[in-house]
4 protein chains.
Amino acid sequence: MSKVGFIGVGKIGQTIVYSSIVSGAVDEAVIYDIIPELPEKFEHELRHAFATKGIKTEILGTNNLDDVAGMDMVVISAGKPRKPGMSRRDLFVDNAKIMMDLAGKLAPKNPGAIYLMVANPVDMMASVFMKYSKEYTISTGDQVETMRMRSYIAKKLKVPVTQVDGFVGGEHGEDAVVLWSTVKVKGKPIDNFNINKQEVEDYVKKIPGEIIRVMGGTTWGPGTIIADIIKAVSLNENRVMSIATPRQYEGQIIHVSSPIVVSSSIGPSLETLLDEKDRWHLNSAMKDFYEAYMENMKQLEQSLKPT
Amino acid sequence: MSKVGFIGVGKIGQTIVYSSIVSGAVDEAVIYDIIPELPEKFEHELRHAFATKGIKTEILGTNNLDDVAGMDMVVISAGKPRKPGMSRRDLFVDNAKIMMDLAGKLAPKNPGAIYLMVANPVDMMASVFMKYSKEYTISTGDQVETMRMRSYIAKKLKVPVTQVDGFVGGEHGEDAVVLWSTVKVKGKPIDNFNINKQEVEDYVKKIPGEIIRVMGGTTWGPGTIIADIIKAVSLNENRVMSIATPRQYEGQIIHVSSPIVVSSSIGPSLETLLDEKDRWHLNSAMKDFYEAYMENMKQLEQSLKPT
Amino acid sequence: MSKVGFIGVGKIGQTIVYSSIVSGAVDEAVIYDIIPELPEKFEHELRHAFATKGIKTEILGTNNLDDVAGMDMVVISAGKPRKPGMSRRDLFVDNAKIMMDLAGKLAPKNPGAIYLMVANPVDMMASVFMKYSKEYTISTGDQVETMRMRSYIAKKLKVPVTQVDGFVGGEHGEDAVVLWSTVKVKGKPIDNFNINKQEVEDYVKKIPGEIIRVMGGTTWGPGTIIADIIKAVSLNENRVMSIATPRQYEGQIIHVSSPIVVSSSIGPSLETLLDEKDRWHLNSAMKDFYEAYMENMKQLEQSLKPT
Amino acid sequence: MSKVGFIGVGKIGQTIVYSSIVSGAVDEAVIYDIIPELPEKFEHELRHAFATKGIKTEILGTNNLDDVAGMDMVVISAGKPRKPGMSRRDLFVDNAKIMMDLAGKLAPKNPGAIYLMVANPVDMMASVFMKYSKEYTISTGDQVETMRMRSYIAKKLKVPVTQVDGFVGGEHGEDAVVLWSTVKVKGKPIDNFNINKQEVEDYVKKIPGEIIRVMGGTTWGPGTIIADIIKAVSLNENRVMSIATPRQYEGQIIHVSSPIVVSSSIGPSLETLLDEKDRWHLNSAMKDFYEAYMENMKQLEQSLKPT
C-alpha cells in the first residue's frame, strides 16, 4: 500500500497527481486544496480518466486538511506563485507562513510520512517545513533541471535522450549548476562531444521562463519528473536523482541538491563521488543557501512579531 | 510505426498528446497549433517529461501545417470554444470554416490517414471535415460520456469502476442517451441494483458544466479517454467504444455514436445488437442530428456567399 | 480488487500467472497445483521477480485446493497433456474426470466467480466444467489462433502486426476456421492483398506442433494471450476476442468460439455480424462439436459406471 | 533505438528476452542460439505474444551468429550448465572456451556495445569475455541475490517488498554477502527489526537450489531481474544495482559486485560509501575471486595447449 497526500492542486499539482497515479505509484490518494470545490471536481475528472484505464486507485478530493491522515508520503505544492514586482524574499515570507501552518497540522496526523516539497522557493520551503514539523522532508531540487539538461544535449547532438546521462546540482533555480563531471553521452564523457557548455547552462536557466511566457506555466515537464520521484520512493526503485535532502550546516538544516539514491529509504548521497570542481560548486551553493536562508528567516520572524 | 498528427494544442489537446504518448500509442508525433511558439514550447515540456521516463517518441512542435504530412492518424482539436451569448449555430459556422480549411490542406498530404475529431460540436465537425476532405473521419462521440456514466455508477454503488460496464450513445452533449440495455454491474443487468437512472443521466449531462465552472475546462477526463481511442487504433486493441462513425442518412454522411469495435480497422458497429428501446433512441438521434446539421449547413453556405 | 485463482501451474500455467500479474490484471493471486512444493517454489520465484518491479500483488502458492476461495475469477490449466498413442477421446475422459472433481470443490467456495478454461480439449472441458459446477465458464477458444493468424499475415506482408485485424473461430485446434470476412490489413479487406489463404490456414493449424517439436511445448504465445483475456475481464476493457462462451444446442451447453466482447461482463457476441459464409462455418462447428461432445460424454459415463 | 542481441535462449535466456521486450527496453532484438530451429520457433512464440499486446519490437531468431551485428547491448546466456559430478573448475574451462570463441566473433561486429554476462560462473565469465574481446563487459552479479534478500525479509516481516531496501555484494553464488549496512525497512536500519540475519543469509544461498530441485531451474526470478538490468541501461534509469563491473586487481580485470549506478553509462560505484565491515567483505571477495580466477585461467591455458 502506498498512500499519498497531495496538498495543493494548481496546474502543476494536478499534473503530479495524474502522472504519479497513472504510473502505478499510488494506491490511495487524498487530494487537498483550499479552493472550494476544486479538489472535488478534480476527483471527478480523475475518476473519468481512470474508468477508461481500469485504474483502481482510491481517490478523495477534499477541502478538509484533516482528511490527509495516515499517509506514507505527503506532496506539498501549495503556496503562492511569485507575482510581478514581488521580491524573492517576500515570496519566502508568504509561503513560509503557509508551511508553518501546514507543518503544525500535517505532522501529528501522518506519523512516519516522507514530505516532498514542490512549492517555491522549493529548497528553502523544505527547510522551513522540516524545521517546524520535525519530519523528514525532501525537495524536488534540481531533478527537473537535470532532465532539462539531458533533453537539450540530446536534441543538440541528435541522439536519443536515453543516451545522455548526468546531473544538475546546487540550489534549484538560477543558481543551479551542471555537474559536468557526471555528464556522459553514450557512456563517454561530454568533452568528447561538440557541445557548448555555456549554451547548455543558459538553456537550463532560461527555458522555464520561456515556457511560462508562452504557456502561462510549466506543467508537463516538472509534473512528470516530480511524479517519477514519488514513483522511485513508492516502488523502491533505487534511482539516483538530484533532489535536495536535509543536511546540517552551522547548526541549521538546509536543503541543497546533489545526486542521491531514491528508494523507500533516501540515500546515500553520491556527493563525495563527484570531482573536486563539482564538489566545490556544491559547497559554495550550501554557503549561499545558508546565508540567504538565515536572512529570510530573520525577515520571517520579524513579520511574525506582534506589533 | 504509428505517426500521429495533432492539430490544436489547447488545454485538452495537450492532455491528449501527453496521455497518448505516455501510453505507448505514438511512435512519431507532429504537433501543430496556429499560436506562435506554443507547439515549440510544448515540445520542450514534453522532452523534459520524456527524459525521465525514457520515452523515445520523436516529437516535432510546429506552426507550419505542412509539417503534418505522411501521418497514420490526425487528431483535430483546433477550433473556437463556445463563448457566452454565442449560439450553437454560430459555433458551428465558425468552426466549420476552420474544418473546411483544414480538410483542403491536410487531406492531400496524409493519404490513407484516419481523422479523429475532437473540436466542438464534435460529431457535426466530423461530418463537415469528411464532406470536404473525402477522408475517413471519426468523432470522439460519446466515449467520454460512457466513462462518466460508469464512474458515477461505480462511486454510487461503491464498487470498483472496473466492474461497471455499458455505453452512452446518440449525439455527443446534452442529447446523449444512456443505452441502459448495455449497462451491467459485476456482469448483472443494472436493474438488479438500487440506482436512480434519472440521477445517472443528469450526472452525465451536468458534470462537464460543473467541472468547467470550477476548473475552467475539462481536461484530464476527456484527454485520457480520447488518448485511449488513439491507443485502441494504434495498438489494434479491438476495444468496443462509443464513438461516432460515418453513416449515410438521406444521402448525407452524418456522425452519431453507438458502440463499435475500434482497432486498426473501425467496425463492426454493435448497434443491431442493442435492444429495441436503445435502437429507437439512436434512430431518433440520427434524425435530430440530420435536421440540425442540414440547418447549420444552410447557414454555413449563406455565410460563404460573396456579398 | 481482482482476486484470481490459478489451478495448475505447469509451463503454460506459470506463463499465464506471470504475464497476467505483470500486466496489472491481478491484485491477489492464489496459485494451486497438486504437485508437492511446486506452487510454493513458484511463489518464491514470483516474489523475487516482483521485488525488482515493485509489484505488490499478494501471492499464495498452495497444495491445498481449499485456499482457492472467494475468487473473482478462476483459471484452470490443470489436466493431463496428450501422450503419444493416446486418442483425443481418452484425453477427454481423463481430463473430464478432473473437471468433475474440481467443479465440485471450487464452485461452493467461489460464489459468482468466472471460470476460464485452459486445459485441453479446452472447449469441451469448459462445457464439462460448467455442466457439473453450474457456474459461468468460458474457454480460451480461438483467441490464440487469432493472434497466430495475425502475426503470420503481418510477417508475410511485412507490415506491423498492429495493422492486421481479424479473427479465427469455431472449435479450438485443428478444426478452427479463419473468419475471412473479418480479416483486414490497414483497414482494408484481405482480398486487396497478395496472400495465400490456404497458407495462412495451414500456419495456424501447424505452428503449435512445430513449436512443440522444437521447444517441448508452447508457452510464451498462449500464456501471454490468455493473460490478456484475464486482463480484459479484470480491467473491464471491452476487447473483442474470439473465445468460446456457453451456448444452448439441443438442450446442452456447448462452447464454440466467435468474436465476443470481453469485459467485466462477457458479451454480446458479434456472431450475427459476420458474413454468411463465416456464420455457416460457425454453425457447422457447433454441430460437429455437439456430436463429438455427446460421444465423449457417453464414454465418460461408461467409464464412471461401477463395474 | 535500443538494439539488443541475445546469445543463448535456454529457459532463462527466453525469460530475459520476453521480460525485457515486454517492459519496453528493446526496440530491436536479434536472438541467437546454436540449437537448430530453436531461435526461429521462439521468434514465432514471441510474435504470437506481441500480437495481443501491440508490441512492435523487431525480432529475428537466428542460428547465424553473424546476424548479431550493430547491437547496442549483447546479453550472453550461452554456456553449459553444471552437471552432477562436474567440478566448478571444469565448468569454468568448458564455458571459458565458449566465451573466447564468442569474444572473437562478436566484438568486431558490435563496436561500442555493452556486454552483459549471464552464463555461469557469471562473474568469471565476464572477466574472461572482457579479457579476450577487450570490450566493456558487466555481469549480472548479485542483483538476483539482492532481490531474493529483499523478498525474504518482506515476507518474514509482513511488509510490502517495496519497503525493504538494501544490497547483496561480493561474488555471485555461495560466497555472496548481505551488505547489512545498506539494508533498511521503511527507511530504518534493519537492526530495528526482529529478524535473524543468519536465516536471511541462508535463504539467499539455498533458495536457488531449492527451486531447481522442484522446478528444474530458476527462470522467473533471475529472468525478470536481469531484464531490469537491461531496462536500466536502455531507458537510462540511473538505478543502483548490485552488478559486477570490471576492476583492476594485480594487473588483471576481475568482476565483483557492489552497488553501482546503472544507466546508459555505468557508474559510479557506491562501494566507498559502504561501512567498513561491508567494504572489508568486498575486499576479501576480490582477493578470493582473483585467486580462484588465476587458478582457473591456468587450467584453461593448460587445456588449450597443443598436445
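Residues numbered from 1 in each chain as written. Chains lettered and ligands numbered in written order. Predicted model: local features only at pLDDT ≥ 70, side-chain atom pairs only at ≥ 80, totals over all residues. Heavy atoms only, no water.

1. Notes on the relation of the copies chain A and chain C
For the pair chain A and chain C, the superposition axis carries a translation of 0.0 Å, the fit reaches an RMSD of 0.0 Å, and the rotation angle comes to 180 degrees. Interpreted geometrically, this transformation is the action of a two-fold axis. Scanning chain A for the C-alpha nearest the rotation axis identifies Gly24 of chain A, at a separation of 4.6 Å. Interface overlap between copies: 100% of the residues of chain A at the interface are likewise at the interface in chain C, consistent with a symmetric, same-surface contact. (Least-squares fit on C-alpha atoms with pLDDT ≥ 70 in both. Contact = heavy atoms within 4.5 Å.)

2. Thoughts on the packing of aromatic side chains
Using the criterion set out here, one finds 35 aromatic pairs over all chains in the structure. Seen in terms of ring centroids, Phe92 of chain D and Tyr293 of chain D are 6.3 Å apart; in terms of plane orientation they differ by 80 degrees. Their pairing is edge-to-face. With Phe92 of chain D in helix α3 (residues 88-106) and Tyr293 of chain D in helix α8 (residues 276-304), this pair connects stretches of sequence that are 201 residues apart. Across the pair, exposure class does not vary: Phe92 of chain D and Tyr293 of chain D are buried alike. One residue, Arg150 of chain A, lies across the ring of Phe167 of chain A, its end atom 5.1 Å from the ring centre. (Phe/Tyr/Trp six-rings, centres within 6.5 Å; stacked < 30°, edge-to-face > 60°. Helix = DSSP H or I, 4+ residues; strand = E, 2+ residues; numbered from the N terminus. Buried < 20%, exposed > 50% of the residue type's maximum accessible area, 1.4 Å probe, protein only. Lys NZ or Arg CZ within 6 Å of the ring centre and 35° of its normal.)

3. Digging into the domain arrangement of chain A
All names here are of chain A. The domains assigned to chain A are domain 1 (3-139) and domain 2 (142-299). Placing the centre of domain 1 and that of domain 2 at their C-alpha centroids yields a distance of 22 Å. Counting residues at the interface gives 33 residues for domain 1, matched by 36 residues for domain 2. Considering only the side of domain 1, the residues that lose the most area to domain 2 are Arg89, Asp123 and Met124, jointly responsible for 20% of the buried surface there. Applying the counting rule to domain 1 against domain 2 returns zero salt bridges. The tally of links between domain 1 and domain 2 comes to five residue pairs in polar contact (both at pLDDT 80 or more). Those elements that place two or more of their residues in the side of domain 1 that touches domain 2 are β1 (3-7), α1 (11-22), β4 (73-76), α3 (88-106), β5 (114-117), α4 (122-133) and β6 (137-139). Sort the elements by how many residues they give to the side of domain 1 that touches domain 2 and α4 lands first, with nine residues. Residue composition of the side of domain 1 that touches domain 2, by class: 20 nonpolar, nine polar and four charged. (Domains from an automatic or database assignment. Buried area = accessible area lost by both parts, 1.4 Å probe. Salt bridge = Lys/Arg side-chain N within 4 Å of Asp/Glu carboxyl O. Polar contact = N/O pair within 3.5 Å; in protein donor to acceptor, adjacent residues only side chain to side chain. Nonpolar A, V, L, I, M, F, W, Y, C, P; charged D, E, K, R; others polar.)

4. Here we look at helix α5 (residues 143-157) of chain C
Given 3.6 residues per turn, any residue in an α-helix points the same way as the ones three and four places further on. The terminal C-alpha atoms of α5 of chain C lie 21 Å apart, and with 15 residues this matches the ideal 21 Å at 1.5 Å per residue to within 8%. Within α5 of chain C, twelve of the 15 residues are buried, leaving the element largely enclosed by the surrounding structure. Among all positions of α5 of chain C, only Gln143, Val144, Glu145, Thr146, Met147, Arg148, Met149, Arg150, Ser151, Tyr152, Ile153 and Ala154 of chain C are buried. Packing partners of the buried residues in α5 of chain C comprise β7 (164-169), β8 (177-185), α6 (197-215), α7 (220-234) and β10 (239-249) of chain C together with α2 (38-53) of chain D. Positive backbone phi, at 55 degrees, marks Lys158 of chain C, one or two positions downstream of α5 of chain C. (Expected span 1.5 Å × (residues − 1).)

5. With respect to the sheet that holds strand β7 (residues 164-169) of chain D
All names here are of chain D. The sheet built from three strands is open, its strands ordered β7-β8-β9 with antiparallel pairing. Edge strands, defined here as strands with exactly one partner in the open sheet, are β7 and β9 (188-189). Alignment of β7 against strand β8 (residues 177-185), held across five bridges, turns out to be antiparallel. Of the residues in β8, the one forming a bridge with Phe167 is Leu179. Together, β7 and β8 form the strand contacts of helix α5 (residues 143-157), whose direction differs from that of β7 by roughly 140 degrees. (Pairing = 2+ DSSP bridges. Axes fitted to C-alpha atoms, helices over the stretch in contact; angles between N-to-C directions.)

6. Some remarks on the pattern of salt bridges
One pass over the full model with this rule turns up 76 salt bridges over all chains. A salt bridge links Lys41 of chain A to Glu37 of chain A; its shortest N-O distance comes to 3.1 Å. Note that Arg247 of chain D is salt-bridged to Glu271 of chain D, the shortest N-O span being 2.5 Å. Within this pair, whereas Arg247 of chain D is found in strand β10 (residues 239-249), its partner Glu271 of chain D is found in the loop between β12 (266-269) and α8, the two being separated by 24 residues in sequence. Overlapping salt bridges bring together Glu37, Glu40 and Lys41 of chain A together with Glu210 and Arg213 of chain B as one network.

7. Some words on the sheet that holds strand β9 (residues 188-189) of chain B
All names here are of chain B. With antiparallel pairing, three strands are arranged side by side in an open sheet as β7-β8-β9. Strands with a single pairing partner mark the edges of an open sheet, and in this sheet they are β7 (164-169) and β9. Where strand β8 (residues 177-185) lies against β9, two bridges are found, and the strand directions are antiparallel. Looking across to β9, one finds that Val185 is bridged to Lys188.

8. Concerning α6 of chain C
Look at α6 of chain C: 27 Å from first C-alpha to last across 19 residues, which is about the 27 Å you get at 1.5 Å a residue. In α6 of chain C, a bend of some 40 degrees at Lys206 of chain C exceeds every other bend along the element, and Pro208 of chain C, a proline, comes one to four places later. All of the buried residues along α6 of chain C are Val200, Tyr203, Val204, Ile207, Pro208, Ile211 and Met215 of chain C. Packing partners of the buried residues in α6 of chain C comprise α1 (11-22), α5 and β8 of chain C together with α1 (11-22) and α2 of chain D. Residue Gly216 of chain C follows α6 of chain C closely and has a positive phi angle near 85 degrees. (Bend = angle between axes of the 7 residues up to and from the residue.)

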